[in-house]
Amino acid sequence: MPPEPLSRPPRVLVFDSGLGGLTVLAAADRLRPEAERLYVADDAVFPYGDLTEPDLVARALAVLDPLIEEGRPDAVVVACNTASTAVLPPLRARWPGLAVVGTVPAVKPAAAASATRRIAVLATPGTVRRDYTRDLVRRFAGDCAVDLVGAPRLATLAEAWLRGDGLDEGGVRSEVAPAFVDRDGRRTDTVVLACTHYPLLVDAFARVAPWPVSWLDPAPAIARRLDAVLGAAGFPSVPSAPVRPGRVVFTSGRHPGPALARALLARGLEPA
Ligand code: DGL
């Protein structure tokens, strides 16, 4: 039996180490503009890419627990590949009944789409280290050559760009370059954007790429998953609604500068 439709809008909490989750929020807004949105950026600890797995789990739970307790969201979107590789099982165990939507590197669709059978997973160093990512590669891309590329500075470059500090295009070029491999007659034709910050810079990636490739952004699939879990919980979707103004929390307590404040406002977000 489908649940009775609920008449209040769903409450959605979107979480990332920084601003990358905004790429997921934008996709979610297209499907669920009526949702009440709280965006949480753990900028006090950004970047997550270098944290050990236990530190990452402890930190993410320390940020999320009080916000879930207080805000009682209907769904939490962990809009961060790095956090998702470690935090989804403990978060679900702690909050049974809460819909938790994670971010999984799009290895399966990349393997399905690649004609050359060589793909790259461009991610943070933490994400490429994790068994979680290596399992995905084993399960879904066994017949592809897969280059796992942990980019140490790319998320930081994306943050700087969105804060209005300009783009270090040379830095972007050297971070992206290892994703391009032409070996044994197989040339990379598909790159998985396995960090939610990276779609912010996809135009720059295309400019510095040594040859054209498909860039796979997981945001639309995450948004579809969110839409489905909210639907299953009884929230009818209202795709024609205007995007509801939302709130943003920075764990550092810092106020966004003018360029970032404008970027947030353009996404319907104001400081909480
Ligand atoms: N946006 C995050 C991800 O999707 C990571 C950025 C970072 O904190 O290093 O992996």
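Residues numbered from 1 in each chain as written. Predicted model: local features only at pLDDT ≥ 70, side-chain atom pairs only at ≥ 80, totals over all residues. Heavy atoms only, no water.

Colleague: Before we go on, may I ask you to explain the overall build of the chain in this structure?
Modeller: Regarding its fold elements, the chain presents eleven helices and twelve strands. A compact globule built from 272 residues would reach a C-alpha radius of gyration of about 19 Å, and the chain, at 18 Å, matches this within 12%. For the chain, the spread of C-alpha atoms along the three principal axes comes to 60 × 45 × 40 Å. Considering the chain as a whole, with its 272 residues, one finds that 53% of them fall into the buried category. Summarising the internal contacts of the chain: among those between residues at least 6 apart in sequence, 78% fall at separations of at least 24. (Helix = DSSP H or I, 4+ residues; strand = E, 2+ residues; numbered from the N terminus. Rg over C-alpha atoms; globule rule 2.2 N^0.38 Å. Buried < 20%, exposed > 50% of the residue type's maximum accessible area, 1.4 Å probe, protein only. Contact = heavy atoms within 4.5 Å.)

Colleague: Even after reading the chapter, I still don't get helix α10 (residues 219-232), so can you show me in this structure?
Modeller: Every α-helical turn comprises 3.6 residues, leaving residues that sit three or four positions apart pointing alike. In a regular helix each residue adds 1.5 Å, so 14 residues correspond to 20 Å; α10 covers 20 Å between its end C-alpha atoms and thus fits that length. Turning to α10, its buried residues are Ala219, Ile222, Ala223, Leu226, Val229 and Leu230. Each buried residue of α10 sits inside an arc of 125° when the element is viewed along its axis, so together they form one side. Exposed residues on α10 whose side chains face more than 90 degrees from its buried face are Arg224 and Ala232. Buried residues along α10 sit against β1 (11-16), α1 (22-31), β3 (75-78) and β4 (99-101). A positive phi of about 100° marks glycine 234, the residue just after α10. (Expected span 1.5 Å × (residues − 1). Arc of directions from axis to C-beta.)

Colleague: Looking at this structure, how should I read the site of the ligand?
Modeller: Around the ligand, the structure places 14 residues, and the nearest of them are Ser17, Tyr48, Thr82, Thr196 and His197. One of the backbone nitrogen or oxygen atoms of tyrosine 48 is found 2.6 Å away from an oxygen atom of the ligand. Within the side chain of threonine 82, one N or O atom sits 2.5 Å away from an oxygen atom of the ligand. When isolated, the ligand has an accessible area of 300 Å², and the protein chains bury 99% of it. When grouped by side-chain class, the residues that make up the shell around the ligand number six nonpolar, seven polar and one charged. (Near = heavy atom within 4 Å. Polar contact = N/O pair within 3.5 Å; in protein donor to acceptor, adjacent residues only side chain to side chain. Areas by Shrake-Rupley, 256 points an atom, 1.4 Å probe, with all protein chains shown as cover. Nonpolar A, V, L, I, M, F, W, Y, C, P; charged D, E, K, R; others polar.)

Colleague: Would you take a moment to explain the sheet that holds strand β5 (residues 118-123) for this structure?
Modeller: Across a sheet, strands are paired by hydrogen bonds formed along the backbone, either parallel or antiparallel in direction. With parallel pairing, the four strands of this open sheet are ordered in space as β6-β5-β9-β10. Single-partner strands in this sheet number two, and they are β6 (145-150) and β10 (214-216). Direction aside, neighbouring strands of the sheet carry axes that sit 20° apart on average. Here β5 runs beside β6; their pairing, made up of six bridges, is parallel. Residue pairing across strands places valine 121 opposite leucine 148, the latter belonging to β6. (Pairing = 2+ DSSP bridges. Axes fitted to C-alpha atoms, helices over the stretch in contact; angles between N-to-C directions.)

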